[in-house]
Amino acid sequence: MDHDDATPTTGPAGTSTPLGPPLVELEGVNKHFGDLHVLRDIDLTVRKGEVLVVIGPSGSGKSTLCRAINRLETIDEGEIRIDGKPLPEEGKALAKLRADVGMVFQAFNLFAHRTVLDNVTLGPRKVRRAGKKEAEAEALQLLDRVGVRNQASKLPAQLSGGQQQRVAIARSLAMHPKVMLFDEPTSALDPEMINEVLDAMVALAKEGMTMVVVTHEMGFARKAADRVVFMADGQIVEEATPEEFFTAPKSERAKDFLSKILTH
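Residues numbered from 1 in each chain as written. Predicted model: local features only at pLDDT ≥ 70, side-chain atom pairs only at ≥ 80, totals over all residues. Heavy atoms only, no water.

Per an unreviewed UniProt entry, the protein chain goes by the name Amino acid ABC transporter ATP-binding protein and belongs to Isoptericola luteus. In its Subcellular location (unreviewed entry) section, UniProt records this for the protein chain: "Cell membrane". The annotation that UniProt attaches to the protein chain under Sequence similarities (unreviewed entry) is "Belongs to the ABC transporter superfamily." (UniProt positions renumbered as here; feature names shortened; annotations may be inferred.)

Visitor: A description of the layout of surface pockets should follow, citing residues and the corresponding values.
Guide: Considering only enclosed or pocket space, the second largest pocket measures out at about 470 Å³ in volume. R98, M103, R171, S172 and M175 are, among the 19 residues lining the second largest pocket, the residues nearest its centre. Elements that contribute at least two residues to the lining of the second largest pocket include exactly α2 (91-100), β6 (101-104), α3 (116-126) and α5 (161-173). Per-class residue counts for the lining of the second largest pocket are 10 nonpolar, 6 polar and 3 charged. (1 Å grid on protein atoms, 1.4 Å probe; cavity = no way out; pocket = protein on both sides within 12 Å on 5 of 7 lines; lining within 4 Å. Points joined across faces, edges and corners; volume = space filled by probe spheres on them. Helix = DSSP H or I, 4+ residues; strand = E, 2+ residues; numbered from the N terminus. Nonpolar A, V, L, I, M, F, W, Y, C, P; charged D, E, K, R; others polar.)

Visitor: Give me the pairing of strand β10 (residues 235-240): which residues, what numbers.
Guide: Sheet topology note: the strand β9 (residues 227-232)/β10 ladder contains 5 bridges and is antiparallel. Paired with M231 across the two strands is I236, which belongs to β10. Where β9 hands over to β10, the hairpin turn is made up of 2 residues, of which D233 adopts a positive phi near 50°. (Pairing = 2+ DSSP bridges.)

Visitor: Break down the packing of aromatic side chains for me, with residues and values.
Guide: On inspection of all chains with the given rule, the structure shows 3 aromatic pairs. Following the ring pairs from residue to residue traces out a cluster consisting of F230, F245, F246 and F257. (Phe/Tyr/Trp six-rings, centres within 6.5 Å; stacked < 30°, edge-to-face > 60°.)

Visitor: Break down the sheet that holds β6 for me, citing the residues and quoting the values.
Guide: An order of β6-β7-β8-β3-β9-β10 is seen for the 6 strands of this open sheet, with the pairing classed as mixed. Each edge of the open sheet carries a strand with a single partner, namely β6 and β10. Averaged over neighbouring strand pairs, the angle between their axes works out to 20° when direction is ignored. Against the sheet, helix α1 (residues 62-69) engages β3 (51-55), β6, β7 (179-183), β8 (210-214) and β9, with an angle of about 150° to β7. The strands that helix α6 (residues 191-206) touches are β3, β7 and β8; relative to β8, the one it contacts most, it runs at about 145°. (Axes fitted to C-alpha atoms, helices over the stretch in contact; angles between N-to-C directions. Contact = heavy atoms within 4.5 Å.)

Visitor: Break down the environment of F33 for me, with residues and values.
Guide: With respect to the helices and strands, F33 occurs in strand β1 (residues 22-33). It is 13 Å that separates the C-alpha atoms of F33 and A68, two residues lying 35 residues apart in sequence. If sequence neighbours within four positions are ignored, F33 has contacts with V38, T64 and E73.

Visitor: With reference to specific residues and values, describe α6.
Guide: With 16 residues, α6 should cover 22 Å at 1.5 Å per step; its first-to-last C-alpha distance of 23 Å lies within 8% of that length. Of all the positions in α6, only M193, I194, V197, L198, A200, M201, V202, L204 and A205 are classed as buried. Buried residues along α6 sit in contact with β3, α4 (132-145), α5, β7, β8 and α7 (218-224). Following α6 by one or two positions, G208 adopts a phi angle in the positive range, close to 95°. (Expected span 1.5 Å × (residues − 1). Buried < 20%, exposed > 50% of the residue type's maximum accessible area, 1.4 Å probe, protein only.)

Visitor: Summarise unusual backbone geometry; cite the residues concerned and give the values.
Guide: Even without a glycine there, the phi angle at N109 is positive, about 55°. When its relative accessible area of 43% is taken as the criterion, N109 is described as partly exposed. Residue H176 is not a glycine yet carries a positive backbone phi of 55°. Tracing the backbone through its elements, the reader meets H176 in the loop between α5 and β7.

Okay, here's the thing in structure tokens:
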């Protein structure tokens, strides 16, 4: 799916901030799990400052796509580039790439025996060699940004799921990533906690963070996405602005998917 560079692009939710150059590029990406062809000839470009939301039925390859972008899943064919550089195979280059590509999962993956503040400062101190004071000052700012600064001295188990997920977002941001990947970040949360996490993500989008978000939350897709990518059976079936996708989906698969989820 080629993108015509002459097309004017807009920023989050239709603001007229022009999007930057390509930041994440996938070309001819294929991935199998045994006999299952989970990613089929994926071509996708995400521009700097763009919020791309990936939706589709379960088993469509959305999470695998997300995890391939920071090489948590290897691919069988094709190429993935971050900021013009192909994904490294392993070693220090891969560790550096993972610092550039923040990832927030369904499970919060926080260190249970460390305080919230320690969870957020660990990466900058270990990977970026930041000093303790500098790392802690920035961590407190980030925790403030996602609304959980007052929880800094607690252990993760003392927080609600929504608070833990916001700490996980702050922890990713502490590495100053070029792009943030969100893989179903609200699917493990109780309904009343979902909005507090989505609100933090909407705020990030408005600040211009490049984001790839796999989610079932259609309200978020409508509010924050620049572009919606609809996947089914390991393929990108269609991509459009949220307005186009939700009001006039082109493919039968997308129409069927939307009719099932939007009537509940």
